[in-house]
Amino acid sequence: MKLAISSEQVQHCRAMALAIAHEVQMEISRMSTISVERSLLRLLGMEGATAGIPWVNVFLEQIQEHNVLEDGALYWLGNTLCATDLSISQIGQEVGEGRLDVVKTVRHPLKDIQASIAAVTMESLRRIFLLRAQRRQFRNGLPIHVSPLLYVIVASGNIHDDIAQAKAAAEQGADVIAVIRSTAQSLLDFVPEGVTTEGFGGTYATQANYRLMRAALDEVSRKTGRYIHQVNYCSGLCMAEIAALAILEGLDLMVNDALYGILFRDLNMVRTMIDQHFSRYLLGLFDLIIVTGEDNLIKTVDAFQEYYIVLTSQFINEQLAKQAGMEEKQIGLGHAAELDPSLPDSFLWELVQAQLVRQIFPHSPVKFMPPTRYISGNIFFAHVLDTLFNLVAIWTGQEIILLGMPTEGIHTPYVQDRYLSLESAMHLRSAACSLRKELNFRQNGKSKARAQGILDQTESTLSEIEQIGLWTALNRGMFSQIKRSRKGGRGYEGVFPISQFYLNPFLDQELVKRARKIAR
Amino acid sequence: MTSIEEVRPYGDRLNDGAIQISFSLPIPLSAQSKEAAKQVAGKLGLEHLRLIYAQDLGNSFSFYIIYGRTSGSINLSSIHIPTVDIPQMDFWQINDLLAHELKKTVTVVGATMGADAHTVGLDAILSAKGFGGESGLERYPQFKIYNLGAQVPAEEVLREIIEQKADVALISQVVTQRQSHLQNLSYLEDLLEGEELRQDLILICGGPYIDTEVALEVGFDAGFGPGTTPSQVASFVVNELLRRRRA
Ligand code: B12
């Protein structure tokens, strides 16, 4: 099945998106954020909290108070390693419990600091590459591999209930389990610590919760013979830090999108773009898949008229991810139709849009999102719409299908809701598997016109954004009619320009190469 | 003929009392679990039970669909719903009343409070675009709207109410897990009481799981649920102003 669209036009869109992404990149390249710095400390093994406050936060507050934030966390960690006999973990504890001020340690020469940080970074890289390789081996060694992957969420607020439901879902046929985060965790400028049982509309993302869920999913993977993927969300003020924790704890996918934070959480755009860039760099390096949030862009505006903004954002997101070193197969672009079911031909438009994204991004494991906004409390009709959605997903050959729930209009899913959804999706995965080879669009029919219309609008929108830049586009409300200013929103105070002492050897490609080799 | 004193569920014959339910149990499927499921339905008062579908959900969960009948009946005339009974007015009538009779511009502060980030419902009522084919309150010439958006702390709502000398506060709450909406609403009401502002304010909440009963429980004047249109809210406000003037 194929839509007749011009590949030159698609190339033109890509070229413009690249220019847009490049401009953003240039502007943020000499800057860092407190979240990026905390992620570095986490990668080096600083884990723990005192009275609920993570040690990495206290560490950053110290260097902020002494006005030496611009040197970055690793400069001061390196100096402390040189000046004391403490391990990184001990430094964390001493700092966290208020016994050590890293800025008051005896100053050592820069080259000693660099050497000590390079050594611990090397060790961290090696350890993580090894963990990732083991995980890959585990996955490849399991007997059953299915496609597309069926993705469901758990969101009880209590990690133990989440685990019980996740295991049941896996046994029912789910391949991907996402634990929804507690409402507004994305606004916290720290990652809560420990195992949690009290979330609202979701469960807190913590390192300990990740670890528990990972163990449970590995267990059920062995039982079912299929690898069960673990997903969580890192968009928000702790984007880079949560990405680091996901890497350490063996997650497979990360929902990762600065635009979502900017538009729907009022996060500062500079802050979250920097966090996004570094998180994507790390996720790409350790071969996790990111999934982006374009589906949200049409939740509050006319989804038929403004669909082009989804495609526009996908083009830009792809280039931003590539700038961070990611490969196309690691970039799961978000897609949704969210069409009003009372619109005539809504099913055809859904099909066309799904085919369009599949064709334009053939290597992206698109995260294919179900209808949500027109799902009411009528659970039976919701199941009808979800089944049609599943049909579109299979028909257009999507790779990751996020299943809609009959109770979408009511609550986060009950255990039987997932079963009903999985049953429908598995039915279509088998019943409709050859459709795309057998059927095609009529030439020059309505489908072609719709696809062309979307592409034309996307092209002209990208060209406008290329001229004014992404920041200004956000400022003018070009995305979902929401206006955001460059210095407004949450978290801007956590952005800083880096000094000449600043170090981050995780970016050092030589070091990365060596670590990768040793890990093999 | 259905008697309003004795209303029963209807499947395909009057008074058959037919009901279908579905639920899960945290035990694996077995002959015993199926009987347990039927007994659950029995404890709900259902009779003539038929377990028509049962499925193991894995990890010690199981799912059941049961049909049964109830002999219970309801006397409609004994049911009293706390509705806010007010005459509905349209855009023109509302403006007319405000401009000529009440001679007043109504200042409204609206927000989605707490950690809740949902704005579509509030915007449906407030923004010019409106909802259900009606324009929103921003289009009403006698209304002045301050829409604070989402994720607004109660303290900020309070500050804005004071600053703008608001006549009406419109609070949206969509996320209800662990009763967070009730906590948020009561908290704002307490703050307003503390500042002695509650009396003079028309305090209204709304959201998919809100109704008047919920609203009264948390000390609000009215609550609006799914499908609410802007003119319904405006009608309530105008009627309340009239009532308060008379009182
Ligand atoms: C769109 C949407 C979002 C968007 C919101 C974008 C935005 N700017 O609003 C995004 C993607 C951001 C989002 C996020 C989340 N969402 Co949401 N979302 C929805 C969705 C799909 C539609 C809601 C909607 O727009 N309805 C349309 C409007 C017009 O309807 P309405 O709100 O009922 O409003 C009408 C009336 O209620 C009334 N009304 C509403 N407010 C007011 C106020 C006043 C004063 C008055 C008078 C009347 C009134 O008038 C309106 C017009 O008639 C629903 C699912 C569904 N189908 O309902 C889930 C849903 C509401 N979301 C849910 C959840 C849990 C979340 C998250 C918390 C998930 C998470 N853990 O991350 C997040 C976090 C957001 C947060 N911090 O609060 C749950 C809520 C469950 C519950 N009962 O608590 C739902 C039901 C989905 C589900 N099944 O899990 N969501």
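Residues numbered from 1 in each chain as written. Chains lettered and ligands numbered in written order. Predicted model: local features only at pLDDT ≥ 70, side-chain atom pairs only at ≥ 80, totals over all residues. Heavy atoms only, no water.

Peer 1: Help me understand the domain arrangement of chain A in this model?
Peer 2: How big an interface is tends to be reported as the loss of accessible area on association of its parts. Residue and element names in this part refer to chain A. For chain A, the assigned domains are domain 1 (44-141 + 492-520) and domain 2 (142-450). Summarising the inter-unit geometry, the C-alpha centres of domain 1 and domain 2 are found 32 Å apart. Each side of the interface is counted separately: domain 1 has 27 residues, and domain 2 has 31 residues. Summed over the shared surface of domain 1 and domain 2, the result is two salt bridges. Of the charged contacts in the structure, one is a salt bridge between E47 and R211, with a shortest N-O distance of 3.1 Å. Remark: the boundary between domain 1 and domain 2 carries 13 residue pairs in polar contact (both at pLDDT 80 or more). Counting residues per element, the ones that place at least two in the side of domain 1 that touches domain 2 are α3 (55-65), α6 (110-141) and α19 (509-519). In terms of residue class, the side of domain 1 that touches domain 2 is made up of 13 nonpolar, seven polar and seven charged. (Domains from an automatic or database assignment. Contact = heavy atoms within 4.5 Å. Salt bridge = Lys/Arg side-chain N within 4 Å of Asp/Glu carboxyl O. Polar contact = N/O pair within 3.5 Å; in protein donor to acceptor, adjacent residues only side chain to side chain. Helix = DSSP H or I, 4+ residues; strand = E, 2+ residues; numbered from the N terminus. Nonpolar A, V, L, I, M, F, W, Y, C, P; charged D, E, K, R; others polar.)

Peer 1: I would appreciate a short explanation of the site of the ligand in the present structure.
Peer 2: Around the ligand sit 48 residues, and of these A:E408, A:H411, B:A117, B:H118 and B:T119 come closest. Chains contributing residues near the ligand are chains A and B. Take A:G201: an N or O atom from its main chain is 2.8 Å from a nitrogen atom of the ligand. Within the contact set of the ligand, a nitrogen atom lies 2.7 Å away from a backbone nitrogen or oxygen of A:T372. Elements supplying a minimum of two residues to the shell around the ligand: α3 (120-126) and β6 (168-172) of chain B. (Near = heavy atom within 4 Å.)

Peer 1: Help me understand the sheet that holds strand β5 (residues 143-147) of chain B in this model?
Peer 2: By way of backbone hydrogen bonds, the strands of a sheet pair with one another, either parallel or antiparallel. Residue and element names in this part refer to chain B. If you walk across this open sheet you meet the five strands as β5-β4-β6-β7-β8, and the pairing is parallel. This sheet does not close on itself; its edge strands, each paired only once, are β5 and β8 (222-224). On average, each strand axis in the sheet is tilted by 20 degrees relative to the strand beside it, whichever way the strands run. Lying over the sheet, helix α7 (residues 230-246) contacts β4 (106-112), β5, β6, β7 (202-206) and β8, oriented at roughly 160 degrees with respect to β7. (Pairing = 2+ DSSP bridges. Axes fitted to C-alpha atoms, helices over the stretch in contact; angles between N-to-C directions.)

Peer 1: Please clarify how the interface of chain A and chain B should be interpreted in this entry.
Peer 2: Between chain A and chain B, the contact holds 35 residues from the first and 21 residues from the second. Counting each side, the surface lost to burial between chain A and chain B is near 1,900 Å², with a carbon and sulfur contribution of 52%. Inspection of the chain A/chain B interface yields zero salt bridges. Linking chain A to chain B there are eight residue pairs in polar contact (both at pLDDT 80 or more). Elements with a contribution of two residues or more to the side of chain A that touches chain B: α7 (159-172) and α15 (415-431) of chain A. When residues in the side of chain A that touches chain B are grouped by element, the largest group, seven residues, is from α7(A). For the side of chain A that touches chain B, the residue count by class is 13 nonpolar, 15 polar and seven charged. (Buried area = accessible area lost by both parts, 1.4 Å probe.)

Peer 1: Please clarify how the packing of helix α11 (residues 269-285) of chain A against helix α12 (residues 308-323) of chain A should be interpreted in this entry.
Peer 2: Any two packed helices are characterised by the angle at which their axes cross and by the distance between the axes. Residues and elements named next belong to chain A. Between α11 and α12, the shortest axis-to-axis distance is 8 Å and the interhelical angle comes to 60 degrees. One finds that α11 runs oblique with respect to α12. Residues M273, Q276, H277 and R280 of α11 pack against N317, L320, A321 and Q323 of α12. Of the residues contributing to the contact of α11 with α12, the split by class is three nonpolar, four polar and one charged. (Parallel < 35°, antiparallel > 145°, perpendicular 65-115°, else oblique.)

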